[in-house]
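A structural walkthrough
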Amino acid sequence: MRAILERWTVFVLGVAGWQVATMAADDPFFPTPRVIVGRMYDLWFSGPATRLFLTDGAVGNVLPSLARLGAGFAIGVVAGVALGLAVGRSQWAYDVLDPVLQFFRAIPPPTLVPVFIVLFSLGPQMQIASIAFSVLWPVLLNAADGARTVEPVQLETAAVFRLTTAERLRLVVVPSALPKIFAGLRLSLSLSLILMVFSELQPGAADGIGFQLVEATTRFDYETVWAAIVLLGVLGYLLNMGLLGIERRVLSWQRPA
Amino acid sequence: MPGRATVRRLARGAVGVGLVVGVSEALGRAGIVHQDFLPPASTILARAAALAADTDFLADVRATLTAWALGLLIAVGVAVPLGLVLGNIPVVSNAVTTIVEFLRPIPSVALIPLVAMLFGTGLEMKLTVIVYASVWPVLFNTVYGLRDVDPVAKDTLRAFGFGRLAVLWHVAIPATAPFIATGVRMAAAVALILAVTAEMFGGFGDGIGIFIAEAANYPGGTTDTLAATVWAGVLGLLINTALVRGERRAFPWARPR
């Protein structure tokens, strides 16, 4: 309780300091947080109560961004975990594929956005593919690493109890790989946000928070630019907290890794 | 003299690289996707090899690496001293982790349009977003590592009459160094992503990202995009490998990862 109080005190003090500094600077380039929050309210959260106060702007830009993020993240995670567990369970497959996988992880994902544009043309598929690509590699490598380092005693016990392959995977391999997988998910989440925004900054993008952001810069509308940045920060914070919450629940049976 | 296990691992890794190149070659030649859209591996690798001797491309690589190195250096130069000072005062240390938690989730790509309006699209813009993205992992790991310092060791030195600075120098810094090194490695990867991304958005001057963005504008440029992406991946891989090796050598007692 004290920690939460302390944390929000720091937050309030930080915002107050920002307000004072921007008021003193009185520069249109750096609007005050009050103005930014006002703009956020006007743009996204002043809609009718029947629509959870979301405006057309929120439905037209924020929700599509989040939908693409969710789709890309889900595809990347499912593919990454499945392939990672498969690769990690075979020493031979791991040795063969590790250098290749390390290379793919080392590629800065935005460099492939032009290729995805050519392959999928502009639109949600290209954006989802970019996000999924950025999510895939950290999850895959961490899942493989986790599946590789299962305690031999646990596997031998499973063999003694004659567990089927499916049971062994569900009861032994997955649980011991989970902490590593979650570490990969945390990395992937911040990468996926970068790709979400970057794929929306592309000329020709039709909607999304990133689209609103870049469109506002062409009008020198600094308040909207700042509002979009703060919104992205809040979304990133909430998603991160959500992931940590899930991690804590799922891994509650063991000490945090 | 490398051991037999190492030789076998390297051989298997080479098989994996060959396998991936072979499969992508076959896919490219099979004509499922138009060759201009997804060229076969041999075309990409031949172009990548040609780029290694291309002075214009080498100037691009130099520009990207310069921005990367400068940005990372500034981030480390800011984050480590700040973390060491702030991490030693418990109340401030909590406040800092709170502020970091709120600022870190903002995807740094979102800052590119704003910073580009402020500084134009040159080195200053690149450095600003690189520093913003790479400060957090280093700062967070420094503060986090300081918390982990053995209190008995600190008290022992204090009991012998050593001052605050001596304790910091002889106990806290050596104990925190492995954590800082891990933070730097994470920051190095993010810094490369941001360097390339900022260049792709900017579009003038030298840089791997600019090369890629320009290649996307002419028909059949996908080969150039992918060849440059291969080099970006190789750079990322070399940087990561060098840092992991460095960590193992400098801190043999702390297992990286």
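The residue numbers shown here count from 1 along each chain, following its written sequence. Chains and ligands are labelled sequentially in the order written, the chains with letters from A and the ligands with numbers from 1. Selection of residues for local features in this predicted model requires a pLDDT of at least 70, selection of side-chain atom pairs for listing and counting requires 80 or more, and totals for whole chains, interfaces and linings are taken over all residues.

Regarding the overall build of chain A
Each helix corresponds to a stretch of at least 4 residues labelled H or I by DSSP, and each strand to a stretch of at least 2 residues labelled E; elements are numbered beginning at the N terminus. In terms of helices and strands, chain A carries 10 helices and 0 strands. Overall, chain A shows an N-to-C arrangement of helices and strands of α-α-α-α-α-α-α-α-α-α. Dimensions of chain A, computed from C-alpha atoms along their principal axes, come out at roughly 70 × 55 × 40 Å. Classification of the 257 residues of chain A by burial places 40% in the buried group. With C-beta atoms placed from the backbone, a residue is labelled by how many other C-beta atoms lie within 10 Å of its own: buried for 20 or more, exposed for 12 or fewer, partly exposed between the two.

As for the nonpolar core
Ranked by internal contacts, the top residues of the largest apolar core, which has 137 residues, are Val197 and Ala228 of chain A together with Ile130, Val138, Ala191 and Leu192 of chain B. Looking at this core, the element that brings in the most residues is helix α8 (residues 164-202) of chain B, giving 20 residues. Note on contacts: residues are paired as contacts if their backbone-placed C-beta atoms lie within 7 Å. Ignoring sequence-local partners within four residues, the contact set of Leu192 of chain B consists of Pro108 of chain A together with Trp68, Leu235, Gly236 and Ile239 of chain B. In this usage, the nonpolar core is the set of buried Ala, Val, Leu, Ile, Met, Phe, Trp, Tyr and Cys residues whose C-beta atoms join them within 7 Å.

Things to note about unusual backbone geometry
Residues and elements named next belong to chain A. Phi angles above zero are rare outside glycine, and Ser121 is one such case at about 55 degrees. In this fold, Ser121 is placed in the loop between α5 (113-120) and α6 (124-148). Its identity is not glycine, yet Arg162 carries a phi of approximately 50 degrees, on the positive side.

Quick word on the domain arrangement of chain B
In terms of domain boundaries, chain B breaks down into domain 1 (1-32) and domain 2 (35-250). For the side of domain 1 of chain B that touches domain 2 of chain B, a count of residues per class yields 1 nonpolar, 2 polar and 2 charged. Delimitation of the domains relies on an automatic or database domain assignment. All residues other than Ala, Val, Leu, Ile, Met, Phe, Trp, Tyr, Cys, Pro, Asp, Glu, Lys and Arg, Gly among them, are scored as polar; the first ten of these are nonpolar and the last four charged.

With respect to the interface of chain B and chain A
Contacts between the two partners involve 43 residues from chain B, matched on the other side by 41 residues from chain A. The greatest single-element share of the side of chain B that touches chain A, amounting to 10 residues, is contributed by helix α10 (residues 222-250) of chain B. The residue inventory of the side of chain B that touches chain A, partitioned by class, reads 30 nonpolar, 11 polar and 2 charged.

Concerning the confidence of the model for chain A
Overall, the prediction assigns chain A a mean pLDDT of 89, with 98% of residues at 70 or greater. Within a predicted model, pLDDT stands for the predictor's per-residue confidence, ranging from 0 to 100. Element-level mean pLDDT values for chain A span from 84 in helix α7 (residues 152-160) of chain A up to 94 in α6 of chain A.

What to know about the environment of Val135 of chain A
All names here are of chain A. Relative to the assigned elements, Val135 resides in helix α6. Val135 sits in the buried class, given 29 other C-beta atoms within 10 Å. Placed 63 residues apart in sequence, Val135 and Gly72 show a C-alpha to C-alpha distance of 7.8 Å. Residues in contact with Val135, not counting those within four places in the same chain, are Gly72, Phe73, Gly76, Val77, Gly80, Ser188, Leu191 and Ser192.

Concerning the environment of Arg12 of chain B
Relative to the helices and strands, Arg12 of chain B resides in helix α1 (residues 4-30). With sequence-adjacent residues up to four places away left out, Arg12 of chain B is seen in contact with Trp92, Asp95 and Val96 of chain A.

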